[in-house]
Amino acid sequence: MTSTVCVTPQCLQNQSSDIRLVSERVLWWVFKDPATPSMEAGLIKPVLKSLLDNTKDKNTSVRAQSEHTIVNLLRLREGEETMQSMTAILDSASNDLLSECHRRSLKKIASLPDSNEEIDDTILT
């Protein structure tokens, strides 16, 4: 059975921390699999900008999950090529936030093995 997962930037910006967190976890889980094809930069941009905004969230879980999701989205465990291509199309404020986040936590997260935690598949149905 194949399923399609649709997580929009609007879900990542929802007022509810729970909805933001579930959306981030789904994205983390999808991009955790190396077999998942990379998205083109134009499609990554709005998702990345929303995730970067969530790295400043007052909810610690949302902040932490955002960072882990960015690592998988940008394939930072495989290198920084995707991140570098994103810096070419992000606005300066987003680039500054990405650089700060990379320096503060993304490099460290990317140097560690990804969690082998399974996602609760009831959220996918």
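One structure accompanies this document, and this report is about it.

Parameters and conventions
Residues numbered from 1 in each chain as written. Predicted model: local features only at pLDDT ≥ 70, side-chain atom pairs only at ≥ 80, totals over all residues. Heavy atoms only, no water. Axes fitted to C-alpha atoms, helices over the stretch in contact; angles between N-to-C directions. Helix = DSSP H or I, 4+ residues; strand = E, 2+ residues; numbered from the N terminus. Parallel < 35°, antiparallel > 145°, perpendicular 65-115°, else oblique. Left-handed = near helix turned anticlockwise from the far one by under 90°. Contact = heavy atoms within 4.5 Å. Nonpolar A, V, L, I, M, F, W, Y, C, P; charged D, E, K, R; others polar. Expected span 1.5 Å × (residues − 1). Buried < 20%, exposed > 50% of the residue type's maximum accessible area, 1.4 Å probe, protein only. Core = buried A, V, L, I, M, F, W, Y, C linked by side-chain atoms within 4.5 Å. Bend = angle between axes of the 7 residues up to and from the residue. Polar contact = N/O pair within 3.5 Å; in protein donor to acceptor, adjacent residues only side chain to side chain.

## Structural notes on the packing of helix α3 (residues 41-54) against helix α6 (residues 92-111)
Working step 1: The interhelical angle for the contact between α3 and α6, taken along N-to-C directions, is 60°, at an axis separation of 10 Å. Put simply, α3 runs oblique to α6. Helix-helix and strand crossings are classified by hand; for α3 and α6 the assignment is left-handed. Across the interface between the two elements, L48, K49, L52 and D53 from α3 touch S94, L97 and L98 from α6.
Working step 2: Residue classes in the contact of α3 with α6 are distributed as four nonpolar, one polar and two charged.

## Some details on α3
Working step 1: With 14 residues, α3 extends 19 Å from end C-alpha to end C-alpha; this agrees with the ideal 20 Å at 1.5 Å per step.
Working step 2: Those residues of α3 not exposed but buried are I44, V47, L48, S50, L51, L52 and N54.
Working step 3: Its buried side turned inward, α3 meets α1 (9-12), α2 (17-32), α4 (60-73), α5 (81-87) and α6.

## Overview of the nonpolar core
Working step 1: The biggest cluster of nonpolar side chains holds 22 residues, and the ones touching the most others in it are L48, I70, L73, L74, L76, L98 and L106.
Working step 2: Listed by contribution, the elements that provide at least two residues to this core are α2, α3, α4, α5 and α6.
Working step 3: Among the elements that take part in this core, α6 stands out by supplying six residues, more than any other.
Working step 4: Contact partners of L76, with chain neighbours within four places excluded, come to V71, M83, H102, L106 and A110.

## Digging into the environment of E40
Working step 1: Within the secondary structure, E40 sits in the loop between α2 and α3.
Working step 2: The exposed category is assigned to E40, whose relative accessible area is 56%.
Working step 3: Distance from E40 to S85, taken between C-alpha atoms, is 9.8 Å for residues 45 residues apart in sequence.

## Quick word on α6
Working step 1: Its maximal kink placed at H102, α6 deviates by approximately 60°.
Working step 2: Listed in full, the buried residues belonging to α6 are S94, N95, L97, L98, C101, H102, S105, L106, I109 and A110.
Working step 3: Measuring from the side-chain oxygen of the N-cap residue of α6 to the backbone nitrogen of A93 gives 3.2 Å; that N-cap residue is D91.

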